[in-house]
Amino acid sequence: MLKRVLLSESDLPDRWYNILPDLPATLPGPLNPTTMAPLKPADLTALLPGKVIEHEFTQERWVDIPERVRDVYKIWRPSPLCRAERLERALDTPAHIYFKYEGVSPSGSHKPNTAVVQAYYAAEEGIRRLTTETGAGQWGSALSFAGALFGLEVNVYMVRASFEQKPYRKSLMQSWGAQVYASPTRRTKAGRDVLAGDPGSPGSIGIAISEAVEDALGRDDTKFALGSIMNNVLLHQSVIGLEAKKQMEIMGEYPDVVIGCVGGGSNYAGLAYPFMQDRLSGARPRTRFLAAEPEACPTLTRGKLAYDYPDTAGLTPPLYMHTLGHDFIPGPIHAGGLRYHGDAPSLCLLKEHGLVEARAFPQTEIFDAAVRFARSEGFVIAPESSHGLKAALVEALAARESGEERVILFNISGHGNFDLAAFDSFLAGSLENPTVSDAQIAASLSDLPSPSASA
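Everything quoted here is computed from the prediction, not taken from an experiment.

**Overview of the overall build of the protein chain**
Consideration 1: Each helix and strand in the protein chain was counted, giving 18 helices and 15 strands.
Consideration 2: At 20 Å, the protein chain has a C-alpha radius of gyration in line with the 23 Å of a compact globule built from 455 residues.
Consideration 3: For the protein chain, the spread of C-alpha atoms along the three principal axes comes to 55 × 50 × 45 Å.
Consideration 4: Counting the 455 residues in the protein chain, one finds 63% classified as buried.
Consideration 5: In the protein chain, 78% of the contacts between residues at least 6 apart in sequence involve partners at least 24 apart.
Consideration 6: With the model as given, the accessible surface of the protein chain reaches about 16200 Å², and the carbon-plus-sulfur share is 48%.
Consideration 7: Taken as two groups, the 43 positive and 53 negative side-chain charges of the protein chain have centres that lie 2 Å from each other.

So, in C-alpha cells, the structure goes:
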C-alpha cells in the first residue's frame, strides 16, 4: 500500500485556480462601507496593494503565480498527501482516508500560501508596513514569516483569548520581527470602544480586523492583509487542491467526499475548489463537499445569509455571506481560527446551491478525534483541523455501517504544537463546550447593514 505521495518541485502549480467564473450563479459583490453601493476596485486602494485588488476582482479562471512566489513556496511545497491506513484499521472501516498535510510550512499551517503573495505584492509597490488580525495565531505567524522574507514591518492584532491561550504563537511572530498586540487594545478607537463596554472582552477576529484596518488607514506607508474569506485569499490557497488532485491520481483514486474545517473558508476552499471544478463541469457530479465548524460559532449551520461587515466596527466592505452578526463574540474555544462570524461569499453561495454540506461539532468531540488520530497516525493536529478530522471520522464510520467503500479526503490545515495546553485540559477532563443560544444569535443579527437600492 502506498502510504504517502510527495510531488517534486517541478510539480508545483504555476497557476492558481479561480472558481468565480465556474460558480453556478453570479456572486453578489461587496459593498462600499460608506455608501452601501457596489464596491469598485478603486475603493480599496487605500487598504490593499493594487495587485491584491486585481486578484480580488478577476474573472480569469487561471492566474499565473509569480516566479518569486513559487521560489518561496518551494521551501515547503508541494506538501504531502498521506493515506491514514492505521486510522482505517482502528475504525475497522472499508473507507479509504486521505489527508493533505499543510503543517509542513515554516509557520505550521496553510496560511503562508497567501501571506507570501500579499507580502510580495506589498513590497513590489514600495509598502513599508503591513497590519493584520489573527485568531489562533496561524495567520499572524504566516504574515510575520512572509514580512521577514520581503523586508516588511508587520503589526499583528491577536484575539485576546488566543493571545492568552497560546503565548508561544506570540513568541514565534516576534522571532520573525513582528509586533503583536492583544486585541482589543487601547491603540485604536475600535479597540477602546469595545473595552469601554466590556473591559474584560476576550476579543474576536472581527474586532481584531477593525483594529488592523484602522491602523492601516491611518498611515500612508501601510496596507492591510487579510487571511481568509476574500476571493484573492481563496485563489492563492488553491495550490493545496491542485497538488492534491495530482497526488490522488497517483494513488489511483478520486475522493467521494472532500472535507475541511471552516472558519472563514480559506483552507477548505484551497483544498476543495479544484475538485469542485470537476463537479461544476459535470466531470465528477457525485463528489460531496463537507464543511465542519464549531458549535460555538456555527456560521454555516445557523447563520443568516445576508450582507454584513467582515469587522466589528464596520470599517470594511460588507460581504454577502452566512453571518452570525459582526457584533457576535464566540465563546473562548481553543480553535481560535474558527471564531469568526462570517464565511467566504463563494463558499456560502455553493452551500445555498446544495453543493456544500455543513456540520457543527462541540469542542470535546473534536479533541477526542484529535487524540484518536494522534494515537493511530502520530500527528498532533491543530484544534481547527480537528473539526475536519471529526467529520472524516463520521464519514468513515458511516461507511462501516453501510459496508460500502468510500474515499475520504480531508485537509489538515496545521499542526497542534502550539495547542498543547488545550490538549492538557482535554486529557484532564476539564475542557468545556461553549454553546450559543438562538437568542444570542438573533441579538447579534439585529444590526446588519442595509444595502443601497443599486446594490
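Don't stop here, the text continues.
**Here we look at the packing of helix α11 (residues 239–251) against helix α12 (residues 266–281)**
Consideration 1: At their nearest, the axes of α11 and α12 sit 7 Å apart, and the two run at 55 degrees to each other. Taken together, the axes of α11 and α12 lie oblique to each other. Our pair here, α11 against α12, has a crossing hand that is right-handed. The segment α11 lies against α12, with Ile240, Gly241, Leu242, Ala244, Lys245 and Met248 engaging Asn267, Gly270, Leu271, Pro274, Phe275, Gln277 and Asp278.
Consideration 2: By residue class, the composition of the contact of α11 with α12 is seven nonpolar, four polar and two charged.

**Re the pairing of strand β8 (residues 179–183)**
Working note: regular strand, side chains alternate between the two faces of the sheet.
Consideration 1: Along β8, four of the five residues are buried, which leaves the element largely enclosed by surrounding structure.
Consideration 2: Two elements, strand β7 (residues 153–159) and β8, share five bridges in a ladder whose sense is parallel. In the strand pairing of β8, Val159 is matched with Ser183.

**Some points on unusual backbone geometry**
Negative phi values dominate among residues other than glycine, just as trans dominates among peptide bonds.
Consideration 1: Looking along the chain, the bond that leaves Arg77 and enters Pro78 is cis, with omega of -5 degrees.
Consideration 2: The topology assignment puts Pro78 in the loop between α2 (67–73) and β4 (81–83).
Consideration 3: Residues Ser183 and Pro184 are joined by a peptide bond in cis, for which omega reads 10 degrees.
Consideration 4: Here Pro184 shows up in the loop between β8 and α8 (189–197).
Consideration 5: Not every positive phi belongs to a glycine, and Asp92 is a case in point at roughly 55 degrees.

**With respect to the UniProt feature "domain: Tryptophan synthase beta chain-like PALP" (unreviewed entry) in the protein chain**
Consideration 1: Look at the UniProt record and you will see "domain: Tryptophan synthase beta chain-like PALP" (unreviewed entry) annotated at residues 76–414.
Consideration 2: What you have in residues 76–414 is 45% helix and 19% strand, and the ends, taken at the C-alpha atoms, are 13 Å apart.

**Here's the deal with the UniProt feature "modified residue: N6-(pyridoxal phosphate)lysine" (unreviewed entry) in the protein chain**
Consideration 1: Annotation from UniProt places "modified residue: N6-(pyridoxal phosphate)lysine" (unreviewed entry) at Lys111.
Consideration 2: Of note, Lys111 is situated in the loop between β5 (96–101) and α4 (112–124).
Consideration 3: Apart from residues lying up to four places away in sequence, Lys111 is in contact with Gln138, Trp139, Ala142, Gly227, Ser228, Gln237 and Ser266.

**With respect to the sheet that holds β8**
Consideration 1: If you walk across this open sheet you meet the four strands as β8-β7-β6-β9, and the pairing is parallel. Only two strands of the sheet have a single partner each, and these edge strands are β8 and β9 (222–224). Taken over all neighbouring pairs, the strand axes of this sheet differ in orientation by 20 degrees on average, direction set aside.
Consideration 2: Inspection of the sheet shows strand β6 (residues 129–134) paired to β7 by six bridges, in the parallel sense.

**Notes on the layout of surface pockets**
Consideration 1: If you add up the space inside the largest pocket, you get close to 450 Å³.
Consideration 2: Contributing to the lining of the largest pocket are 29 residues, with Gly29, Pro30, Glu56, Asn231 and Leu319 lying nearest its centre.
Consideration 3: A per-class count over the lining of the largest pocket returns 22 nonpolar, five polar and two charged.

**So, the pairing of strand β15 (residues 407–412)**
Consideration 1: For β15, the tally of buried residues reaches six of six residues, placing the bulk of the element in the interior.
Consideration 2: Of the two faces of β15, the one lined by Val407, Leu409 and Asn411 and the one lined by Ile408, Phe410 and Ile412 are each fully buried.
Consideration 3: As paired elements, β5 and β15 share six bridges and run parallel to each other. Directly across from Ile97, in β15, lies its bridge partner Ile408.
Consideration 4: Pairing analysis gives three bridges linking strand β10 (residues 257–261) to β15, with the strands arranged parallel. Across the sheet, Ile259 pairs through a bridge with Phe410, a residue of β15.

**Details of empty space enclosed by the protein**
Consideration 1: For the coordinates displayed, the defined rule picks out four cavities of 30 Å³ or more.
Consideration 2: For the largest cavity, the lining is made up of 27 residues, of which Lys111, Ile205, Ser228, Gly264 and Gly337 are closest to its centre.
Consideration 3: Counting only elements with at least two residues in the lining of the largest cavity, the list comes to β6, α5 (138–149), α9 (205–217) and α12.
Consideration 4: Split by residue class, the lining of the largest cavity holds 10 nonpolar, 14 polar and three charged.
Consideration 5: Every residue lining the second largest cavity is listed: Tyr17, Asn18, Ile19, Leu20, Asn231, Leu234, Leu235, Tyr273 and Ser346.
Consideration 6: Per-element accounting of the lining of the second largest cavity gives the leading share, three residues, to helix α10 (residues 231–237).

**Digging into the packing of aromatic side chains**
Consideration 1: With the rule as written, the count across this model stands at 16 aromatic pairs.
Consideration 2: Between the aromatic rings of Phe99 and Phe373, the centroid separation amounts to 5.4 Å while the plane-to-plane angle is 80 degrees, which identifies the pairing as edge-to-face. Placement of the pair is Phe99 in strand β5 and Phe373 in helix α15 (residues 363–377), with a sequence separation of 274 residues.
Consideration 3: Since its relative accessible area comes to 0%, Phe373 is described here as buried.
Consideration 4: Among the aromatic residues, those joined into a cluster by ring pairs are Phe99, Tyr101, Phe373, Phe379 and Phe410.
Consideration 5: Sitting above the plane of the Tyr181 ring, Arg187 keeps its charged end 4.0 Å from the centroid.
Consideration 6: The aromatic ring of Tyr254 is capped on one face by Arg284, whose charged end is 4.1 Å from the ring centroid.

**Here's the deal with α11**
Consideration 1: Helix length check: α11, at 13 residues, gives a terminal C-alpha distance of 18 Å against a target of 18 Å (1.5 Å per residue), a fit within 8%.
Consideration 2: Those residues of α11 that fall on the buried side of the exposure criterion are Val239, Ile240, Gly241, Leu242, Glu243, Ala244, Gln247, Met248 and Met251.
Consideration 3: Trailing α11 by a residue or two, Gly252 shows a phi angle of about 80 degrees, which is positive.

Here is what the cut-offs are and how they apply
- Residues numbered from 1 in each chain as written.
- Predicted model: local features only at pLDDT ≥ 70, side-chain atom pairs only at ≥ 80, totals over all residues.
- Heavy atoms only, no water.
- Helix = DSSP H or I, 4+ residues; strand = E, 2+ residues; numbered from the N terminus.
- Rg over C-alpha atoms; globule rule 2.2 N^0.38 Å.
- Buried < 20%, exposed > 50% of the residue type's maximum accessible area, 1.4 Å probe, protein only.
- Contact = heavy atoms within 4.5 Å.
- Areas by Shrake-Rupley, 256 points an atom, 1.4 Å probe, with all protein chains shown as cover.
- Lys, Arg positive; Asp, Glu negative; His and termini not counted.
- Charge placed at Lys NZ, Arg CZ, Asp CG, Glu CD.
- Axes fitted to C-alpha atoms, helices over the stretch in contact; angles between N-to-C directions.
- Parallel < 35°, antiparallel > 145°, perpendicular 65-115°, else oblique.
- Left-handed = near helix turned anticlockwise from the far one by under 90°.
- Nonpolar A, V, L, I, M, F, W, Y, C, P; charged D, E, K, R; others polar.
- Pairing = 2+ DSSP bridges.
- UniProt positions renumbered as here; feature names shortened; annotations may be inferred.
- 1 Å grid on protein atoms, 1.4 Å probe; cavity = no way out; pocket = protein on both sides within 12 Å on 5 of 7 lines; lining within 4 Å.
- Points joined across faces, edges and corners; volume = space filled by probe spheres on them.
- Phe/Tyr/Trp six-rings, centres within 6.5 Å; stacked < 30°, edge-to-face > 60°.
- Lys NZ or Arg CZ within 6 Å of the ring centre and 35° of its normal.
- Expected span 1.5 Å × (residues − 1).

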